[in-house]
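Residue strings, one per chain:
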2 protein chains.
Amino acid sequence: MYRIGEFSKICRVPVSALRYYSDLGLLPPESIDPESGYRYYSAGQLPRLNRILALKDLGLSLEEISAILDEDLPAGELRGMLRLKRAEIGQRVSEEQARLARVENRLRMIESEDRMPDQEIVLKELEDVPVVSIREVLSNPQDVGMLIADGYSALMPAGIMPIGACFSIYHDPEFDPTALDVEIAYPVAETVTDVPDTPGGRSFERRVVRGGRAAVTIHQGPYDMIDQVYTRIGKWISDHELQIAGEPQEAYLTAPDDPGGPVTEIRFPVA
Amino acid sequence: MYRIGEFSKICRVPVSALRYYSDLGLLPPESIDPESGYRYYSAGQLPRLNRILALKDLGLSLEEISAILDEDLPAGELRGMLRLKRAEIGQRVSEEQARLARVENRLRMIESEDRMPDQEIVLKELEDVPVVSIREVLSNPQDVGMLIADGYSALMPAGIMPIGACFSIYHDPEFDPTALDVEIAYPVAETVTDVPDTPGGRSFERRVVRGGRAAVTIHQGPYDMIDQVYTRIGKWISDHELQIAGEPQEAYLTAPDDPGGPVTEIRFPVA
DNA sequence: CTTGACTCTCAAGCTGCTGGAGACTGCATA
DNA sequence: TATGCAGTCTCCAGCAGCTTGAGAGTCAAG
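The model shown is predicted, which means the values in this text are computed figures rather than measured ones. (Residues numbered from 1 in each chain as written. Chains lettered and ligands numbered in written order. Predicted model: local features only at pLDDT ≥ 70, side-chain atom pairs only at ≥ 80, totals over all residues. Heavy atoms only, no water.)

Colleague: So what's going on with the interface of chain B and chain A? Which residues, and what values?
Modeller: Facing the 56 residues of chain B at the interface are 56 residues of chain A. For the pair chain B and chain A, the summed buried surface comes to about 5300 Å²; carbon and sulfur atoms form 65% of the total. The partner of R92 of chain A in a salt bridge is E96 of chain B, with the nearest N and O atoms 3.2 Å apart. The interface formed by chain B and chain A includes 13 residue pairs in polar contact (both at pLDDT 80 or more). For the side of chain B that touches chain A, the secondary-structure elements that each account for two or more residues are α1 (4–11), α3 (46–57), α5 (75–113), β4 (121–126), β9 (212–220) and β11 (263–269) of chain B. Broken down by element, the side of chain B that touches chain A gets its largest block of residues, 21 residues, from α5 of chain B. Tallied by class, residues from the side of chain B that touches chain A come to 27 nonpolar, 8 polar and 21 charged. (Contact = heavy atoms within 4.5 Å. Buried area = accessible area lost by both parts, 1.4 Å probe. Salt bridge = Lys/Arg side-chain N within 4 Å of Asp/Glu carboxyl O. Polar contact = N/O pair within 3.5 Å; in protein donor to acceptor, adjacent residues only side chain to side chain. Helix = DSSP H or I, 4+ residues; strand = E, 2+ residues; numbered from the N terminus. Nonpolar A, V, L, I, M, F, W, Y, C, P; charged D, E, K, R; others polar.)

What follows is the structure in structure tokens.
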């Protein structure tokens, strides 16, 4: 019979861990002196301990290990557990590989530019958004602002309050400033159905903008620099081995008179 | 100015996380109503939040991110940090890949045998062990027990108390039962220097057995089945794409009269 | 009998949140 | 004006697998 310290040396498992396993009932000592409370272990417990370590190495939790060792699980259930683990670990591997790629990317950027970028691009999961929207082909990109205002001035008097920032969707595969096919979308409650026409005579469509994975970034400042953002985001997407999977959106997050200047979120659905 | 819930919707970060970042000082709200305690955020804070998310995606801790964002770290230090991260993640990737391989291995084993093995083999890190040892070529493997006893009966009267279980080292590249080159090692304190000869006239050597990574397993039961353990451990090592990197050791963990029967630990240095 | 190494039992800490309890606040409706 | 009710606030606990530390008791040797 060994005291916990000697046993710890033999099995090369820290004393604190042995005590923890003992508390969990995962590896109870062979005997405990009722007077001193000293734990006594025997060499015969080493196989069990090794089984614990091996299963832990497979990524199983101590609780799962407990179940396996003490409840004498049927082989089928064990197989199921391991298959689950396999999937889980496979997932983690690819996540970590992606993370590694991101870090290396960032390192290259730092080496070449000697600093971090000002705007960051991040992957986010977008939800489906019920909206009312107007779509039009504009001959002048500057008219987008007017179109937005038009929409608001039709919705407000009709008692329809957008429940989130309005955003535009650019339907052109290529950006064409002389014929800009743009849709302005106002998020609304699902209950909204009847929508008036705009003062300009345009009619709203009621639809749901589908969500999903998107590369997202924030542009802060004057609007005319925004094409640089598109360039950067395009590069980012190809760098990360993703593909554009939908039309880009721009969400206008500030009121027109915001003292901090305009803030725009650019979203690129990807897959 | 947005309340926390609206801001949370915009940036798609849970309210609880925003509150946490606020408490850490990582993303303090633009203002806090002193009466109600309500946090108010502005769209201008989104770039900072995105930076936080992007850095978190690289695997940096919130504390590190804090330092990067607020202390305006020089690019050099940043590079260092990222290189460290890269190494760390690379390590994790290969660990997880190894784990995946282990799980798949185990799954194959279960499919073919329909149960878990009785003895587990685990990788452990051995420490350097100062020992006194005797080495001899035996014509009969059975004589190992005698050799061990011989050693003890020379050490004890000399006042030298081994501080751990004695173990044997098998120096044969191939197991040859008619000429077994075996060394019996008794772990001793570093202060021990002078060692007597054995009753049989053999002389001890004072040396340090080098540690390192080893595949380790426990054999419980009669000694004559031990060759199976060697077979299994050899297969395990090649299965795990490791290589034998030293002579195998056997540690005798029970006293000869232990009621639980003998327990032996078999160790194979690997790399 | 003392010393020093070991052991015991609690409790807290790590990381990045999440979830819940109990109390307020703010806006909209009856 | 009262009343909801959704949103917000501040704690506090929990996760997983230990590790660390405090304060107290135990064991073997000198």
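What follows picks up the thread again.
Colleague: So what about the sheet that holds strand β3 (residues 39–41) of chain B? Which residues, and what values?
Modeller: Residues and elements named next belong to chain B. On the basis of which strands lie adjacent, the open sheet formed by 3 strands has the order β1-β3-β2 and antiparallel pairing. The sheet is open, and its two borders are formed by β1 (2–3) and β2 (31–32), each paired with just one other strand. In this structure, β1 lies alongside β3, joined through 2 bridges in antiparallel fashion. Paired with R3 across the bridge in β3 is Y40. (Pairing = 2+ DSSP bridges.)

Colleague: Report on the domain arrangement of chain A, specifying residues and quantitative values.
Modeller: Residues and elements named next belong to chain A. According to the domain assignment, chain A consists of domain 1 (2–71), domain 2 (75–116) and domain 3 (123–269). If you average the C-alpha positions of domain 1 and of domain 2, the two centres end up 32 Å apart. At the interface, 5 residues of domain 1 touch 5 residues of domain 2. The residue inventory of the side of domain 1 that touches domain 2, partitioned by class, reads 3 nonpolar, 1 polar and 1 charged. (Domains from an automatic or database assignment.)

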